[in-house]
Every structure is written in C-alpha cells, then in structure tokens.
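# Structural characterization, general
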Amino acid sequence: MKKKIKEQAEDRKLIDMVNPDSTVKAPLYAPNMGIHPVDYRIAPAFEALESSFTEYCRSYIEKAGPDMFNGNYMDNQIEAFVEEAICQILQQRQEHERMIRRVLTRMHTGDRVFNEKKLEKYLKERDICEQELKALKKSAYKGTCYDIEDGGER
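Quick caveat: nothing in here was measured; it's all calculated off a predicted structure.

Rules of the game
Every chain is numbered independently, its residues counted from 1 as its sequence is written. Only residues with pLDDT of at least 70 get local features here, since the model is predicted, and only at 80 or more are side-chain atom pairs given and counted; chain-wide, interface and lining totals rely on the full set of residues. With hydrogens and water set aside, each side-chain value is computed from the structure's full complement of heavy atoms. Note on conventions: DSSP H or I runs of at least 4 residues are helices, E runs of at least 2 residues are strands, and numbering of each starts at the N terminus. Here, residues are in contact when the closest pair of their heavy atoms is within 4.5 Å. In this description, accessible areas are obtained by the Shrake-Rupley approach with a 1.4 Å probe, and a residue is regarded as covered only by the protein chains that are shown. Pairing of aromatic rings covers Phe, Tyr and the six-membered ring of Trp, with a centre-to-centre limit of 6.5 Å; geometry is then stacked below 30 degrees between planes, edge-to-face above 60, and tilted otherwise. Relative accessibility under 20% of the residue-type maximum defines a buried residue, over 50% an exposed one, and the middle range a partly exposed one, all with a 1.4 Å probe and only protein chains included. When a carboxyl oxygen of Asp or Glu lies within 4 Å of a side-chain nitrogen of Lys or Arg, that pair is called a salt bridge. For a helix, the expected span equals 1.5 Å multiplied by the residue count minus one. To obtain an axis, a line is fitted to C-alpha atoms, over the contacting stretch when the element is a helix, and the angle between two such axes runs from 0 to 180 degrees between their N-to-C directions. If an angle is under 35 degrees, it is roughly parallel; if it is over 145, roughly antiparallel; if it lies from 65 to 115, roughly perpendicular; otherwise it is oblique. Should the near helix be turned anticlockwise from the far one by less than a right angle, the crossing is left-handed, and should it be turned clockwise, the crossing is right-handed. When residues are sorted by character, Ala, Val, Leu, Ile, Met, Phe, Trp, Tyr, Cys and Pro go into the nonpolar class, Asp, Glu, Lys and Arg into the charged class, and all the rest, Gly among them, into the polar class.

## Side note on the overall build of the chain
If you tally the helices and strands in the chain, you get 4 helices and 0 strands. Helices and strands appear in the chain in the N-to-C order α-α-α-α. Considering only contacts within the chain whose residues lie at least 6 apart along the sequence, 55% involve residues at least 24 apart. In the form shown here, the chain has an accessible surface area of approximately 13900 Å², with 57% of it arising from carbon and sulfur atoms.

## Brief notes about the packing of aromatic side chains
All chains considered together, the criterion is met by 1 aromatic pair. Considering the side-chain rings of Tyr56 and Phe81, the 6.0 Å spacing of their centres and the 80° angle between planes classify their relative orientation as edge-to-face. Here Tyr56 is found in helix α3 (residues 53–64), whereas its partner Phe81 is found in helix α4 (residues 73–141), with 25 residues between them in sequence. Its relative accessible area of 30% is what places Tyr56 among the partly exposed residues.

## Some details on the pattern of salt bridges
If you walk through the whole model with that rule in mind, you get 6 salt bridges. Linking Glu95 and Arg98 is a salt bridge whose minimum nitrogen-to-oxygen distance equals 2.5 Å. Taken together, the residues Glu95 and Arg98, both in helix α4 and 3 residues apart, mark about one turn of the helix. Relative accessible area serves as the criterion here: at 36%, Glu95 is assigned to the partly exposed category. Among the ionic contacts, a cluster of salt bridges with common partners joins Arg93, Glu97 and Arg101.

## Examining α4
Taking 1.5 Å as the rise per residue, α4 with 69 residues should run 102 Å; its terminal C-alpha atoms sit 98 Å apart, in good agreement. Among the residues of α4, those classed as buried are Met74, Phe81, Ala85, His96, Val103 and Met107. Considering only its buried residues, α4 is in contact with α2 (44–51) and α3. Where α4 ends, the next residue or the one after it, Gly143, has phi of about 85°, a positive value.

## A look at the packing of α2 against α4
In the contact formed by α2 and α4, the axes pass within 8 Å of each other and the chain directions differ by 140°. As summarised for this structure, α2 and α4 are arranged oblique, according to the angle between their axes. In this structure, α2 crosses over α4, and the sense of that crossing is left-handed. Between α2, through Pro44, Ala45, Phe46 and Leu49, and α4, the contact on the second element is made entirely by Phe81, Val82, Glu84, Ala85 and Gln88. When its residues are assigned to classes, the contact of α2 with α4 shows 7 nonpolar, 1 polar and 1 charged.

## Notes on the packing of α3 against α4
Each pair of packed helices can be summarised by the angle the axes make with each other and by the distance between the axes. Across the interface, α3 lies against α4 with an axial gap of 11 Å and an inter-helix angle of 140°. Considered as vectors, α3 and α4 are oriented oblique to each other. With respect to the hand of their crossing, α3 and α4 are arranged in right-handed fashion. Between α3 and α4, the residues in contact are Phe53, Tyr56, Cys57 and Tyr60 and Tyr73, Met74, Gln77, Ile78 and Phe81, respectively. Split into classes, the residues belonging to the contact of α3 with α4 amount to 8 nonpolar, 1 polar and no charged.

Structure follows, in structure tokens:
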C-alpha cells in the first residue's frame, strides 16, 4: 500500500515538472457554493494608453503645439483614462458581489427547504407522541378521579 502511494506521489511530481499549470483537485468545505476568485481586468482604453503612452504624448505635441498655457492638457487626459479604468473595476466588483450573493441565496434556499422538511418530520413525530400520550393517560386514569370520560379533572 505504501509503495503504491509513493508511486502515485512520484507520478504527480513528474506531471508537475512536465506541466506546472496542471490542475489540482481542491476540496471545498461547502461544495455547493462554488465561489471562486475573480481576476479583475484593467479597462482596454487604459491598457492601450499604458502600452503606447509615449507615442500618444508625441502625437499630441506634434499636432497641438502646446505652449506654457496649455501644458497641463495631458494631465486631464490621463485623469479621464484613470477615472474610466476605476469605474470599470468598480463595475467588475459589483458583478463579482452580485455573483456571490446569487450563490449564497441558492445555498440558503436549499438549506431552508431542507430544514422545512425536517421541521415537518418533527411536527408529525410530535403529533404522534401527543396521541400516544393521550392514549396512555386515558388508560392510566381509567377509573380514577382524573378520568376524562367520567367528567373528572384533568
């Protein structure tokens, strides 16, 4: 048995060396949840600005010919790109939170249904126990002052 486990571990190491991106099964504490991390993406416009920023600035300088009075024009452009990127990340965050809420709602709905069925079972058991108790009291109190059929006190 130990030999087989060692062989499996060695095979796993070989697989990891050959393919480091291989997936590994990770047990979840609550498999019905399915919540997983989300990669937030930068806005495509901001990514394009970041990759070609120097070209963007040079083309602006060549076309606009700025002087000392409009030197901060690029600052406004950069702020607009940054605001757009932040808004898009906030939208992604809202969608991520919405996804988590949907999963949790489904999970809690399942728990509620399960517990309602359990409650029904316990209520039926209680009714049966009450009927049995009533029958036992009836037989135990027969012929005494507590006999309900004779008008006795309960």
